[in-house]
Amino acid sequence: MVGLLFSMRYNKFALSACGAALLAACGGGGGSSAAPSAGGSPTPTPSPSPSAAACSLGARQDWALRALDEWYLFPSLLDKNIVKSAYPDLQSYIDALVAPARAQSRDRYFTYVTSIEEENAYYEEGANAGFGFQLSLVGNALYVIDSYEGAPALAANIDRGTQILSIGTSSGTMQTVSSLLATGGTDRLVDALGPSTVGTTRVFRVRDASGVEREVALSASEYNIDPVSDRFGARIILDGAKKVGYLNLRTFIDTAEPDLRAAFAEFKAQGVTELIIDLRYNGGGLISVAELVGDLMGGGRSGQIFDYVTFRDSKSANNESRAFQLQPESISPTRIAFIGTHGTASASELVINGMVPYLRTNMALVGGNTYGKPVGQIALDRPECDDRLRAIALKIENADHQGEYYTGLASTVPVTCSAEDDLFHPLGDPQEAMVGAALDFLAGRACGTISAGARAAAPKGKVPLVPSQPSRTVQVELPGIY
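First, a word on scope: everything that follows refers to the structure included in this document. For every chain, the first residue of the written sequence is number 1, and numbering continues from 1 onward in sequence order. Only residues with pLDDT of at least 70 get local features here, since the model is predicted, and only at 80 or more are side-chain atom pairs given and counted; chain-wide, interface and lining totals rely on the full set of residues. In computing side-chain values, all of the structure's heavy atoms are included and hydrogens and water are not.

**Describing the packing of aromatic side chains**
Argument step 1. Aromatic rings from Phe, Tyr and Trp, taking only the six-membered ring of Trp, are treated as a pair when their centres fall within 6.5 Å; an angle between ring planes under 30 degrees marks them as stacked, one over 60 as edge-to-face, and anything in between as tilted. Tallied over the entire structure, the rule returns 13 aromatic pairs.
Argument step 2. Here Phe133 and Phe204 contribute two aromatic rings whose centre-to-centre distance is 5.9 Å and whose plane-to-plane angle is 80°, an arrangement assigned as edge-to-face. With Phe133 in strand β6 (residues 133–138) and Phe204 in strand β10 (residues 201–207), the pair connects residues that are 71 residues apart, well separated along the chain. Summarising the burial analysis for this pair, Phe133 and Phe204 share the class buried.
Argument step 3. Here Phe324 and Tyr358 contribute two aromatic rings whose centre-to-centre distance is 5.3 Å and whose plane-to-plane angle is 80°, an arrangement assigned as edge-to-face. You can see Phe324 sitting in the loop between β17 (320–323) and β18 (335–340) and its partner Tyr358 sitting in helix α10 (residues 347–359), a full 34 residues away along the chain.
Argument step 4. One aromatic cluster is present, built from ring pairs that chain together Phe131, Phe133 and Phe204.
Argument step 5. Cation placement over rings: the criterion is NZ of Lys or CZ of Arg within 6 Å of the ring centroid and within 35° of the ring normal. One residue, Arg108, lies across the ring of Tyr371, its end atom 4.3 Å from the ring centre.
Argument step 6. The positively charged end of Lys315 is found above the aromatic ring belonging to Trp71, 4.1 Å away from the centroid. Helix numbers and strand numbers start at the N terminus; a helix is a DSSP run of H or I with at least 4 residues, a strand a run of E with at least 2. Buried means the residue's accessible area, taken with a 1.4 Å probe over protein chains only, is under 20% of the maximum for its type, while exposed means over 50%, and partly exposed covers the values in between.

**Things to note about the side chain of Asn248**
Argument step 1. Mapped onto the elements of the fold, Asn248 is located in strand β14 (residues 242–248).
Argument step 2. Residue classification places Asn248 among the buried residues on the basis of a relative accessible area of 5%.
Argument step 3. By the criterion applied in these results, polar contacts are pairs of N or O atoms within 3.5 Å in which, for protein atoms, one can donate a hydrogen and the other can accept it, and in which residues neighboring in sequence qualify only through two side-chain atoms. A polar atom in the side chain of Asn248 sits 3.3 Å from the side chain of Tyr246.
Argument step 4. A polar contact is formed between the side chain of Asn248 and the side chain of Asp278, at a distance of 3.4 Å.
Argument step 5. Whether two residues are in contact is decided by their heavy atoms, any of which lying within 4.5 Å being enough. Residues within four places of Asn248 in sequence aside, it is in contact with Pro227, Val228, Phe232, Gly233, Asp278 and Leu427.

**Digging into the packing of helix α9 (residues 287–297) against α10**
Argument step 1. Between α9 and α10, whose axes approach to 9 Å, the crossing angle comes to 30°. Classified by the angle between their axes, α9 and α10 sit roughly parallel to one another. Between α9 and α10 lies a crossing of right-handed hand. Taken together, the residues of α10 that come into contact with α9 (itself represented by Ile287, Ala290, Val293 and Met297) are Ala347, Leu350, Val351 and Met355. Where helices are involved, their axes are fitted lines through C-alpha atoms of the stretch in contact, as for all axes, and angles between N-to-C directions lie from 0 to 180°. Here is the rule for angles: anything less than 35 degrees is roughly parallel, anything more than 145 is roughly antiparallel, 65 through 115 is roughly perpendicular, and the remaining ranges are oblique. When the near helix sits turned anticlockwise from the far one by under a right angle, the crossing is termed left-handed; a clockwise turn instead gives a right-handed crossing.

**What about the nonpolar core?**
Argument step 1. Residues Leu260, Met297 and Phe338 are the most contacted members of the largest nonpolar core, which totals 84 residues.
Argument step 2. Among all residues touching Met297, those that are not within four sequence positions of it are Phe264, Leu275, Ile277, Ile331, Pro333, Ile336, Phe338, Val351 and Met355.
Argument step 3. We define a nonpolar core as any set of buried Ala, Val, Leu, Ile, Met, Phe, Trp, Tyr and Cys residues linked to one another through side-chain atoms lying within 4.5 Å. Counting residues in each nonpolar core, the second largest holds 25 residues, with Phe133, Ile167, Leu180 and Ala220 among its members.

**A few points about helix α3 (residues 90–97)**
Argument step 1. Of all eight residues in α3, seven are buried; the element is thus mostly enclosed.
Argument step 2. On the buried face of α3, the contacting elements are α2 (57–71), α4 (99–103), β4 (112–115) and β21 (387–397).

**Regarding the pattern of salt bridges**
Argument step 1. Salt bridge, as used here, is a side-chain nitrogen of Lys or Arg placed within 4 Å of a carboxyl oxygen of Asp or Glu. Under the criterion given, the structure shown has 30 salt bridges.
Argument step 2. Where Glu432 meets Arg280, a salt bridge forms, and the shortest distance between an N and an O atom there is 2.9 Å. Of this pair, Glu432 sits in the loop between β22 (416–418) and α11 (433–443) while Arg280 sits in the loop between β15 (274–278) and α9, and the two are 152 residues apart along the sequence. The same class applies to Glu432 as to Arg280, namely buried.
Argument step 3. Taking the shortest distance from any N to any O, the salt bridge between Arg360 and Asp400 comes out at 2.8 Å. Residue Arg360 is located in the loop between α10 and β19 (363–367), and its partner Asp400 is located in the loop between β21 and β22; the two are separated by 40 residues in the primary sequence.
Argument step 4. On the basis of relative accessible area, Arg360 is assigned to the partly exposed category, the value being 40%.
Argument step 5. Sharing partners across several salt bridges, the network here consists of Asp146, Glu149, Asp159, Arg231 and Arg250.

Here it is in structure tokens:
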């Protein structure tokens, strides 16, 4: 069975994990008419010992071409005339194949190859390795925008609002962020942070939100990402006498389900009818979890369409629609404020877009324009090489068949409220600028609109620090994570 999933090129939504019905296509080309199921997580695939021939670059390139030729959403935009020997690795070859689609902003590096084993661990458990913080550039300054529980950064009291001033492998080799940017741009800065390999050590000069500067050494380690933080992820905000439910969802992975159910059970018990759904740094994840969020907000709409999934004409047997399904924790909100930024993509955009036909002017996009990714990938596996090809193969639409938001949701959501990401207040704090703007919308107070340009732009000069070629799924789903 094939499961649906979202993520981003610093984000992506997708079809995950090949099962028995797609083994021919996953292992080396060939056809399949298997229908996808809405939901489920990737099933780990045993990885036999590869032979040198089966996992040679040429063999892997041939496999990728066959898979894309069969499944790619934009078959006329595949450049099949390129010479594979001109490309030194599989990803550069894939990039060349889909370059015509990229030129039309249909595939902004959404099609890529990753590790089956690593991706399964992330979606099923939130497993990751690194320092455990999420970073954003504000002009030429580098700030921590979130810090994960159980990871080295937070253990060293490096949290939201901390500015990273210098980076080095030791105290004597530190270079300032500004000098790294000046001599090599963001790629030089990313390289200075080093690989996510456990044991990688870096020394940082930081300025805490209080203004105190200090030097800190961090060693990358393994930890599990909590998709709904125990510190700020779900709470009731009092706006006068009114109770507003606040939910911050970091990523759409399997382990989010119990936290989501618990949050909405509390909202239901407290009689909450207005919500703030904070997706500002959420680059996507499993579509099954996105649909659960829809269900939890869809009380009273059981049986009505939440989303449509559509493949290319030759794969139309896989098309499907998904209706709201009533859950024990479901509520019927009358107004919702969705917080988004340039880092909000894929599954996050699916959730926001899916509610437009039902709430219209009773919902708003608050903050900045979203990334703009109304297409999704399937996962085509070559297990003997631990290769998973994330290939754009489907488009997502809401009940009104609206799905062409390549320039971000600010152009399609009826109401928008512009607000700056306030790094010096905790997430979920009513004093934080985006949360405050969301409360203003819910209360009927005035707000400025978000500019909807030709393409989603980073709000107020803030942009996640991402590699030019993210190579790990977690870098796609949580843009700026290290």
